[in-house]
Amino acid sequence: MMNRRGLLAASVAAFTAGFLARGAGPLLAATKGNFAVSHSEDEWRSLLTPEQFSILREEGTEQPGSSALLAEHRKGTFSCAGCQQALFSSDTKFESGTGWPSFWAPLDNALGTTRDTSHGMVRVEVHCSRCGGHLGHVFNDGPRPTGLRYCMNGFAMTFTPAAA
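A brief report on the enclosed structure follows. Note that the structure is predicted; figures quoted are calculated from it, not measured.

Comments concerning the pattern of salt bridges
Applying the stated criterion to the full structure yields seven salt bridges. Note that E41 is salt-bridged to R45, the shortest N-O span being 3.0 Å. Of this pair, E41 and R45 both sit in helix α2 (residues 41-47), separated by four residues, roughly a single helical turn. Two residues, K93 and E95, come together in a salt bridge whose shortest N-O distance is 3.9 Å.

Shown next as structure tokens:
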């Protein structure tokens, strides 16, 4: 009989294998490196709130349900809190039940991804393609048409309502 830890490890391995088999290769093509917007650590600390710095620059995670953007349902655009690059249209936002704002597709060229092996798991990390700020992770359990769930930290983003 498998213990809980073994079951979790087996589930993560199966999920990862399935995700990679579905074509995560292109998602993993972008890697962290030089970005159009860059600052020193001290500059980032002065530009961001402590919560934003923890998430965007130290790859932290907010508590589920803690971001006001989780309940944001107006038409508009979600952007990177670090550099204001537009990331997601409200048209792709959906209720995932996870406690984090979720989207089924990003805007063109807005994101990069890297392989994340922290916390004993293999996941696909999502970062802003303009400043490299950590935003969250992408999973293959989302709705149609993409089947993806971009699970984002709300504190890492801002929201601009569409013009009336």
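A look at the environment of V37
On the secondary structure map, V37 appears in the loop between α1 (4-21) and α2. Between the C-alpha atom of V37 and that of C83, which follows or precedes it by 46 residues, the distance is 7.0 Å. In contact with V37, other than residues within four places in its own chain, are W44, C83, R130 and C131.

Overview of the sheet that holds strand β7 (residues 134-139)
The antiparallel open sheet is built from six strands, whose spatial order is β3-β4-β8-β7-β6-β5. This sheet does not close on itself; its edge strands, each paired only once, are β3 (93-94) and β5 (111-116). Here β7 pairs with strand β8 (residues 149-152) via four bridges, running antiparallel. Residue pairing for β8: F139 is matched across the bridge by R149.

What to know about the packing of aromatic side chains
Aromatic rings considered in pairs are described by the distance between their centres and by the relative angle of their planes. Following the criterion strictly, the structure yields four aromatic pairs and no others. Aromatic side chains F88 and F103 sit 4.1 Å apart centroid to centroid with 15° between the ring planes, which places their arrangement in the stacked category. In this pair, F88 sits in strand β2 (residues 86-89) while F103 sits in strand β4 (residues 102-103), placing the two residues 15 residues apart along the sequence. Of the two residues, F88 and F103, both sit in the buried class. Feature note: the residues F78, F88, F103, Y150 and F159 constitute an aromatic cluster, connected by ring pairs.

Brief notes about the sheet that holds strand β1 (residues 76-80)
Pairing in this open sheet of three strands is antiparallel, and the strands run β2-β1-β9 from one edge to the other. Edge positions in the open sheet fall to β2 and β9 (157-161), since each of these has one partner strand only. Strand-to-strand twist of the sheet, defined as the mean angle between neighbouring strand axes without regard to direction, takes the value 30°. Alignment of β1 against β9, held across five bridges, turns out to be antiparallel. Its bridge partner being in β9, F78 is matched across the sheet by F159.

Side note on the state of the cysteines
Counted under the stated rule, the structure contains zero disulfides. For the unlinked cysteine C80, the closest cysteine sulfur is that of C131, found at 3.6 Å.

Thresholds applied
Residues numbered from 1 in each chain as written. Predicted model: local features only at pLDDT ≥ 70, side-chain atom pairs only at ≥ 80, totals over all residues. Heavy atoms only, no water. Salt bridge = Lys/Arg side-chain N within 4 Å of Asp/Glu carboxyl O. Helix = DSSP H or I, 4+ residues; strand = E, 2+ residues; numbered from the N terminus. Contact = heavy atoms within 4.5 Å. Pairing = 2+ DSSP bridges. Phe/Tyr/Trp six-rings, centres within 6.5 Å; stacked < 30°, edge-to-face > 60°. Buried < 20%, exposed > 50% of the residue type's maximum accessible area, 1.4 Å probe, protein only. Axes fitted to C-alpha atoms, helices over the stretch in contact; angles between N-to-C directions. Disulfide = S-S within 2.5 Å.

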